[in-house]
There are 2 protein chains.
Amino acid sequence: MKALMPAPIHPIDVILHKRNGQPLSDAEIQAFVQAGVDRTMTEAQIAAFLMAVYFQGLNPAELAALTKAMRFSGETFDATPLKTFTVDKHSTGGVGDKTSLLIAPILAAAGLAAPTPEGVPGICVPMISGRSLGHTGGTLDKLETIPGFDTQLSMPRFEQVLRQCGAALIGQTPRLVPADRILYGLRDHTGTVESPYLITASIMSKKLAESLNALVLDVKVGSGAFMPTYALSKQLAELMVATGEREGTRTVALLTSMEEPLGRFSGNWCEVRECVDIMKQDRHPMSADLIRLSNTLAGWMLYLADHADTPVTGAALADEILTCGAAFEAFLEIVQAQGGDISHFEGEANPADFHQPAATTQLLAETSGYLSSMDCKEVGWAVQRLGAGRLKPGDPVSAAAGIEIHAKLGDRIQSGQPLVTLFADTEAQLAEPLAMLRATYKITPEPPTLHPMIREIIVKKD
Amino acid sequence: MKALMPAPIHPIDVILHKRNGQPLSDAEIQAFVQAGVDRTMTEAQIAAFLMAVYFQGLNPAELAALTKAMRFSGETFDATPLKTFTVDKHSTGGVGDKTSLLIAPILAAAGLAAPTPEGVPGICVPMISGRSLGHTGGTLDKLETIPGFDTQLSMPRFEQVLRQCGAALIGQTPRLVPADRILYGLRDHTGTVESPYLITASIMSKKLAESLNALVLDVKVGSGAFMPTYALSKQLAELMVATGEREGTRTVALLTSMEEPLGRFSGNWCEVRECVDIMKQDRHPMSADLIRLSNTLAGWMLYLADHADTPVTGAALADEILTCGAAFEAFLEIVQAQGGDISHFEGEANPADFHQPAATTQLLAETSGYLSSMDCKEVGWAVQRLGAGRLKPGDPVSAAAGIEIHAKLGDRIQSGQPLVTLFADTEAQLAEPLAMLRATYKITPEPPTLHPMIREIIVKKD
């Protein structure tokens, strides 16, 4: 029998089917992504398709097919030779969110303590992270404040660090998931960023390209979250969980509150410093929420990796790994393996002495009462304006700039007490962020009603 | 007081506002069209905007602003110096629809009979027409079968012919409404052709660029129409009427039946011949529907131009102009003014002797009964395949190819009688169109229920 040649797929038909609400086949989606990468489809056609998806959405099969086609559009990281359990965490982006800097060492320490018969850590975290953009910070920018730290490892070197340390933290390479770079570049200037379907495909194609056995997603809700409503954040979480599970990766999403900066600091070096302090058993009260969230996320990862019976015992194990110093040891190993200078962390060295800001000022409370609310996104923008973030990809960021938080939502405030300390490289950079923070920090006579840190947990629907 | 500088308008914001269903300002739409023509906006952005319009539509003010911005995106025809009444007819495209070839001479004759004090015809028809595409014919392709006929007049020459003859029929120039060319080119390959809003802006920007006092629209419904449903045709008619009236052009739309080819012939030269026969008082029974529709449309034009008290008396006047020979005289004048050879029309010359087809065949009835239905679009495609039409802009067309209709819907049919005669330039071109026609011509024992020719008339809502 003669093999049947499949009919050729034309981009215009894929656009029309989506526009008209007809389900797309895997082959149609695969052809569309391929044509985008090969440049055999015009950017106008990609843009029209993306806008049609914005309005019509994607059914579960379409979303899985789009994610898969994007995931395999270029190079991927193949963890099979490691014969270990790979797990990662991804956050949709927040202010002061430095959980990756704690979670990677915690999981690495757990993995190093339980090596495979081949001598590889029993858990590996192949973490491909992002940079600061807009009101949110980026793990790579924080790590690069450590002198020498190299976030641009080749795939073979990435695998080596994983074998040795149980975790490695690198940036996106141009050859990894090129379809996402093409689609994201177009979405950004054609008004198609906010589709939960396209966000899911973008995030999940990159995460699944890490060859993961399990993935824990931290989906932010509240005034500092990218998604404008709780319902949209929840929809995004559900789509990502369904897509990950469909591709064989155990996926859990936590909807977590982002109504104020997480932890004590928001910036770059100061966030590294906060994590090192925690790992060195110096737990500042303002870091309590950060420690709790990191342990909760790490607990889910340990549970999925079968290193804990429940997520709750996993969180307890994570805290133990933090307090016993094992996480700090793993952190120093990772930093050294990636070329970083650990002299500011070791022995009696105090990281607070490094990257000292040239200019500081404080936001003082103008009245007494309770710290009741803020627009957390606005706080993130203030941090960006101080020099810690970037408006557009490629902008430089300051290592020293940032803020220190002196009060959390719900705290009793005395008139005149400091609420925030601001750091920048020049005095001139302080005024506008100070005014932004002053405008958004609200003190009221009555204490506010606050949301719990963990709002909801999304697991696979049976 | 300092003049307020308007805030700059960014294409991305225009896309986002439309995507989110927020009304666009005139300035936003103007900036969008300008950026498209100036190429300061990417094609991807235009495509994303067009797809957003497909889903969100345009409110009346937005549609008028888009039409206006497109209309004035390049050169326009300015009829003001003529100090006359300008009127045109536009059809959404049909099979065998040659009403323009009758209506332009009828109106020209009426205008020539009632000159202005400055000696210009009291009515002028500045008709900018299109070419055959897909299943529909094009006025320019028909006229160009007349040796020497020039459809590419300059604007000054166009005005001269109007002054002299009361009508001129030319093609779109590259400088006329360039925004439509840009947008249409993109719509065609990004799946955004079928939006009634974008169709309205495309048609009305070009028609209003003719500087019209009045416009009569022939919006086809039925199996030969571009719009797939009656409701969409009606929506398009209402949008076009509202948009024309908003711009100060008296606009009326007739929803007319396109369930079978209009008149006796469908093709290029054969359609010119049919009109000349009619204008020379040789009224073939198969031309009855064509004559009726032409007179009805011309009647509305004469009524709007104040040359008739009602559209009905206008139609009677049109028929009188046809039968008294005045339309034929005007036709010969127009053809000569545009460089055409009238030797095949004059005196004893029979246009049937010119452009004789090299190959013919006939579709014969295989059974007796009533001609009850056909897919009129399929008939149009058969005419295209015979060589009379084109698949894509720029393809050549045959002067001689086409079909002659021997039976109309509802006619009693005897088995073996000819239903259609097919003409082509080569025998090889006959087989496929013959099979297409055979498949779509349906004969049934009972007579069909037929729609009236004029289904509905759309005038401005008060």
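What counts, and where the lines are drawn
- Residues numbered from 1 in each chain as written.
- Chains lettered and ligands numbered in written order.
- Predicted model: local features only at pLDDT ≥ 70, side-chain atom pairs only at ≥ 80, totals over all residues.
- Heavy atoms only, no water.
- Least-squares fit on C-alpha atoms with pLDDT ≥ 70 in both.
- Contact = heavy atoms within 4.5 Å.
- Buried < 20%, exposed > 50% of the residue type's maximum accessible area, 1.4 Å probe, protein only.
- Helix = DSSP H or I, 4+ residues; strand = E, 2+ residues; numbered from the N terminus.
- Arc of directions from axis to C-beta.
- pLDDT = per-residue confidence, 0-100.
- Axes fitted to C-alpha atoms, helices over the stretch in contact; angles between N-to-C directions.
- Parallel < 35°, antiparallel > 145°, perpendicular 65-115°, else oblique.
- Left-handed = near helix turned anticlockwise from the far one by under 90°.
- Pairing = 2+ DSSP bridges.
- Phe/Tyr/Trp six-rings, centres within 6.5 Å; stacked < 30°, edge-to-face > 60°.
- Salt bridge = Lys/Arg side-chain N within 4 Å of Asp/Glu carboxyl O.
- Disulfide = S-S within 2.5 Å.
- Nonpolar A, V, L, I, M, F, W, Y, C, P; charged D, E, K, R; others polar.

Next up on the list: the relation of the copies chain A and chain B. Mapping chain A onto chain B calls for a screw motion: a turn of 180° about the axis and a shift of 0.1 Å along it, with 0.0 Å RMSD after fitting. The superposition of one copy onto the other is thereby described by a two-fold rotation axis. Across chain A, the smallest distance between a C-alpha and the rotation axis is recorded for Ala44(A), namely 1.9 Å. Comparing contact sets, 100% of the residues at the interface of chain A also lie at the interface in chain B, consistent with an isologous, same-surface contact.

On to helix α16 (residues 431-440) of chain A, then. Residues and elements named next belong to chain A. For α16, the set of buried residues is Pro433, Leu434, Met436, Leu437 and Thr440. One side of α16 carries all its buried residues, which in axial view fall inside an arc of 160°. Set apart from the buried face of α16 by more than 90 degrees, the exposed residues are Ala431 and Ala439. Summarising the contacts, the buried residues of α16 are in contact with β7 (359-364), β8 (369-373), α15 (376-388), β9 (402-405), β11 (418-424) and β12 (442-444).

Take the confidence of the model for chain A next. Confidence along chain A averages 94 in pLDDT terms, with 98% of residues attaining 70 or more. Here the predicted complex carries an ipTM of 0.83, next to a pTM of 0.86.

Turning to the packing of helix α4 (residues 60-71) of chain A against helix α10 (residues 230-246) of chain A, a few remarks are in order. All names here are of chain A. At their nearest, the axes of α4 and α10 sit 10 Å apart, and the two run at 70° to each other. Regarding the angle of α4 to α10, the classification is roughly perpendicular. For the pair α4 and α10, the crossing hand works out as right-handed. On α10, the residues that touch Pro60, Ala61, Leu63, Ala64 and Thr67 of α4 are Leu239, Thr243 and Arg246.

All names here are of chain A. An order of β3-β2-β1-β4-β5-β13 is seen for the six strands of this open sheet, with the pairing classed as mixed. Only two strands of the sheet have a single neighbouring strand rather than two, namely β3 (167-171) and β13 (454-458). Averaged over all pairs of adjacent strands, the angle between strand axes in this sheet comes to 20°, irrespective of strand direction. Across five bridges, strand β1 (residues 85-91) lies against strand β4 (residues 214-221) in parallel orientation. Along β4, the bridge assignment pairs Lys89 with Val216. Set on the sheet, helix α5 (residues 99-112) makes contact with β1, β2 (123-129) and β3; between it and β2 the angle comes to about 155°. Strand contacts of helix α12 (residues 288-304): β1, β2, β4, β5 (250-257) and β13, with the helix running at about 150° to β4, the strand carrying the most contacts.

Attention shifts here to the packing of aromatic side chains. In this structure the tally under the stated criterion is 19 aromatic pairs over all chains. Each ring, one from Phe331(A) and one from Phe345(A), has its centre 5.6 Å from the other, and the planes form 65°; the classification is edge-to-face. Note that Phe331(A) is positioned in helix α14 (residues 326-337) and Phe345(A) in the loop between α14 and β7, a separation of 14 residues in sequence. There is no split in this pair, since Phe331(A) and Phe345(A) are both buried. When the centroid spacing of 6.2 Å and the interplanar angle of 45° are considered together, the rings of Phe265(B) and Phe423(B) count as tilted. Pair noted here: Phe265(B) is in strand β6 (residues 265-267) and Phe423(B) is in strand β11 (residues 418-424), with a separation of 158 residues, a long-range link. Here the two residues Phe265(B) and Phe423(B) agree in accessibility, since each one is buried.

For the coordinates displayed, the defined rule picks out 50 salt bridges over all chains. For the salt bridge of Arg71(B) with Glu247(B), the shortest nitrogen-to-oxygen distance reads 3.7 Å. Placement of the pair is Arg71(B) in helix α4 (residues 60-71) and Glu247(B) in the loop between α10 (230-246) and β5 (250-257), with a sequence separation of 176 residues. Among the residues examined, Arg71(B) registers a relative accessible area of 15% and is labelled buried. With a closest N to O distance of 2.8 Å, Lys98(B) and Glu274(B) form a salt bridge. Note that Lys98(B) is positioned in the loop between β1 (85-91) and α5 (99-112) and Glu274(B) in helix α11 (residues 269-279), a separation of 176 residues in sequence. Glu274(B) shares its class with Lys98(B); the two are buried. Overlapping salt bridges, with partners in common, bring together Arg131(A), Asp141(A), Glu144(A) and Arg390(A) in one network.

Before going further, it helps to examine the state of the cysteines. Residue and element names in this part refer to chain B. What the rule picks out here adds up to zero disulfides over all chains. The structure places no disulfide on Cys165, whose sulfur is separated from the nearest cysteine sulfur, that of Cys124, by 9.4 Å. Take Cys324: it sits in no disulfide, and the sulfur closest to it among the cysteines is that of Cys275, at 17 Å.

Here the focus is the sheet that holds β11(B). Residues and elements named next belong to chain B. If you walk across this open sheet you meet the four strands as β6-β9-β11-β7, and the pairing is antiparallel. Lying at the two open borders of the sheet, with one neighbouring strand each, are β6 and β7 (359-364). For this sheet, the mean inter-axis angle between neighbouring strands, taken without regard to orientation, is 15°. This element, α11, spans β6 and β11 of the sheet and lies at about 145° to β6. Set on the sheet, helix α15 (residues 376-388) makes contact with β6, β9 (402-405) and β11; between it and β9 the angle comes to about 135°.

Let us now look at the packing of helix α3 (residues 43-56) of chain A against helix α8 (residues 178-190) of chain B. In contact at an axis separation of 9 Å, α3(A) and α8(B) are set at 65° when each is read in the N-to-C sense. Crossing hand, α3(A) versus α8(B): right-handed. On α8(B), the residues that touch Ala44(A), Gln45(A) and Ala48(A) of α3(A) are Leu186(B), His189(B) and Thr190(B). When grouped by side-chain class, the residues that make up the contact of α3(A) with α8(B) number three nonpolar, three polar and no charged.

A regular strand carries its side chains on alternate faces of the sheet. Residue and element names in this part refer to chain A. Relative to strand β10 (residues 412-413), β8 runs antiparallel, the two being bridged by two bridges. Each bridged residue has a counterpart across the sheet, and for Gly369 the counterpart in β10 is Ile413. As paired elements, β8 and β12 share three bridges and run antiparallel to each other. Looking across to β12, one finds that Leu371 is bridged to Ile443.

We now examine unusual backbone geometry. A positive phi angle, close to 65°, is found at Gln281(A), a residue other than glycine. Structurally, Gln281(A) can be placed in the loop between α11 (269-279) and α12. For His355(B), which is not glycine, the phi dihedral falls at a positive 50°. Examined against the element boundaries, His355(B) turns out to sit in the loop between α14 (326-337) and β7.

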